[in-house]
Amino acid sequence: MNTFPAIFPLGDRAATIELGSRVDEVLNRKVMAMAAWFSDHAFEGLKNIIPAYSSLTVIYDPFLVKTLYQPDSTVYDWVKQLLQTAFEHSDDISNRAVKRHQVPVCYEGIYAPDLGSMAASLKLPEEEIIRIHASTLYRVFMIGFLPGFAYLGTVDAQIAFPRKPQPAPVMAGSVGIAGKQTGIYPLNSPGGWNIIGRIPMKMFDPNAKEPVWMNPGDEVQFCPVSVREFEMQQ
């Protein structure tokens, strides 16, 4: 039986603190608070901070840490203590300003290839699935899998739907549902999520000043648009 929080190494250059094993906004807010703590208390050799649903990973340069800080024990033990400190002393960030994105989605025709089969299985009209999906304010829990892939949650229980048994080709910008998650594919990719729409903008642009414009902790509101509006915006 797992005991949380749990701290463990990932090789000799990273360490993770795990707060749980579920999709939970309270846990995710604590993860973001710890990420903010590390941003405010960055140490020489800290290479990256990676928040996930209920865990935080820090990547570091063990040579720099050992040379500059001369820890009494191992470099990992030194970083582990920092993770424990971040857990104990990170402040609640629920009152901080949150960036909210209004994202247009076309839920029609070729842009929503799995909407009909979902509607049939759920015994709901397609219009009702669209209404429910677009009426929820989603939290960006994490970015991962592909550059800029936004994991959003949580969907209304009425439209939660299991992943496909086999991956299928998915177009960039596709909006999908898997379980109680919804998400946006940034690139053409195989995927097992049920595709119910597509957005007209890029989720990932390696040439942009900010290649990824959604970040963990942001909020997303989907706005239905027609095929004509979608193609004009695209």
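Here, residues in each chain are numbered from 1, in the same order as that chain's written sequence. Owing to the predicted nature of the model, reporting of local features is limited to residues with pLDDT of at least 70; listing and counting of side-chain atom pairs is limited to 80 or more, with chain, interface and lining totals taken over all residues. Neither water nor hydrogens contribute to the side-chain values; these are computed over all heavy atoms in the structure.

This paragraph deals with the packing of helix α4 (residues 115–122) against helix α5 (residues 126–134). Working convention: axes come from line fits to C-alpha atoms, limited for helices to the stretch in contact. Angles between N-to-C directions cover 0 to 180 degrees. Comment: elements are numbered from the N terminus, with helices defined as DSSP H or I runs of at least four residues and strands as E runs of at least two. One way to put it is that α4 packs onto α5 with a least axis distance of 9 Å and a crossing angle of 100°. In terms of their interaxial angle, α4 and α5 are classed as roughly perpendicular. Taken together, the residues of α5 that come into contact with α4 (itself represented by Leu115, Gly116, Met118, Ala119 and Leu122) are Glu126, Ile129 and Ile130. In this scheme, roughly parallel covers angles under 35 degrees and roughly antiparallel covers those over 145, while 65 to 115 is roughly perpendicular and the rest are oblique. In what follows, a contact means two residues having at least one pair of non-hydrogen atoms within 4.5 Å.

The next point concerns unusual backbone geometry. Here the bond from phenylalanine 4 into proline 5 is cis, since omega is 0°, no more than 30 degrees from zero. Its place among the elements puts proline 5 in the segment before β1 (6–9). Of the consecutive residues glycine 153 and threonine 154, the connecting peptide bond is found in the cis state with omega at -10°. One non-glycine residue, lysine 123, adopts positive backbone phi at about 60°.

This brings us to the nonpolar core. For the purposes of this section, nonpolar cores are sets of buried Ala, Val, Leu, Ile, Met, Phe, Trp, Tyr and Cys residues that join through side-chain atoms within 4.5 Å. Partly exposed describes any residue whose relative accessible area lies between the buried limit of under 20% and the exposed limit of over 50%, with all areas from a 1.4 Å probe on protein chains only and scaled to the type maximum. Residues Leu152, Ile184, Met214 and Phe222 are the most contacted members of the largest nonpolar core, which totals 28 residues. Elements represented by at least two residues in this core include exactly β5 (100–106), α4, α5, β6 (137–143), β7 (150–153), β9 (174–178) and β13 (219–225). By residue number, the principal contributor to this core is α5, which donates four residues. Setting aside its immediate chain neighbours within four residues, isoleucine 184 contacts Gly148, Phe149, Ala150, Leu152, Gly173, Ser174, Val175, Ile199, Met203, Met214 and Phe222. Ranked by size, the runner-up nonpolar core spans 22 residues in total, among them Ile17, Leu46, Leu56 and Val75.

Moving on to the packing of aromatic side chains. Ring pairs shown here join Phe, Tyr and Trp side chains whose ring centres sit within 6.5 Å, with only the six-membered ring taken for Trp; geometry is labelled stacked below 30 degrees between planes, edge-to-face above 60, and tilted in between. Inspection of the entire model under this criterion finds 13 aromatic pairs. Aromatic side chains tyrosine 53 and phenylalanine 141 sit 5.2 Å apart centroid to centroid with 40° between the ring planes, which places their arrangement in the tilted category. With a gap of 88 residues between them, tyrosine 53 in the loop between β3 (46–51) and β4 (55–60) and phenylalanine 141 in strand β6 connect regions that are remote in the sequence. Judged by relative accessible area, tyrosine 53 falls into the buried class, the value being 12%. Following the ring pairs from residue to residue traces out a cluster consisting of Tyr53, Phe141, Phe145, Phe149, Tyr151, Tyr185 and Trp193. When the ring centre of phenylalanine 87 is taken as origin, the NZ or CZ atom of lysine 30, which lies over that ring, is 5.3 Å away. In this scheme, Lys NZ or Arg CZ marks a charge over a ring once it lies within 6 Å of the ring centre and within 35 degrees of the ring normal.

Taken in spatial order, the four strands make up an open sheet running β1-β2-β4-β3, and their pairing is antiparallel. Across the chains shown, the open sheet's two edge strands, defined by having one partner strand only, are β1 and β3. Neighbour-to-neighbour, the strand axes of the sheet open up by a mean angle of 15°, direction not taken into account. One requirement defines pairing of two strands: DSSP has to find at least two bridges between them. Bridge count for strand β2 (residues 14–18) against β4 is five bridges, and the pairing is antiparallel. Its bridge partner being in β4, threonine 16 is matched across the sheet by threonine 57.

With that out of the way, let us pick up the layout of surface pockets. In this analysis, the protein atoms alone were mapped onto a 1 Å grid. Cavities are point sets where a 1.4 Å probe fits without being able to get out; pockets are open sets with protein on both sides within 12 Å along at least five of seven lines; lining residues have an atom within 4 Å of a point. Grid points are joined across faces, edges and corners, and a volume is the space filled by probe spheres set on the points. The volume enclosed by the second largest pocket comes to roughly 170 Å³. Forming the boundary of the second largest pocket are 14 residues, of which Ala172, Pro186, Met201, Lys202 and Met203 lie nearest the centre.

Helix span, expected: 1.5 Å multiplied by one less than the number of residues in the helix. With 16 residues, helix α1 (residues 25–40) extends 22 Å between its outermost C-alpha atoms, agreeing within 8% with the 22 Å of an ideal straight helix rising 1.5 Å per residue. Where α1 is buried, its residues touch β2, β3, β4, α3 (75–89) and β6. In protein, a polar contact requires one atom able to donate a hydrogen and another able to accept it; more generally it is a pair of N or O atoms within 3.5 Å, and residues adjacent in sequence count only if both atoms are side-chain atoms. If you check the start of α1, you find a side-chain oxygen 2.8 Å away from the backbone N of valine 26, and it comes from aspartate 24.

Attention now moves to the environment of methionine 34. Structurally, the position occupied by methionine 34 is in helix α1. A residue is classified by how much of its surface remains accessible, and methionine 34, at 0% relative accessible area, is buried. For the pair methionine 34 and isoleucine 49, spaced 15 residues apart in the sequence, the C-alpha separation amounts to 9.6 Å.

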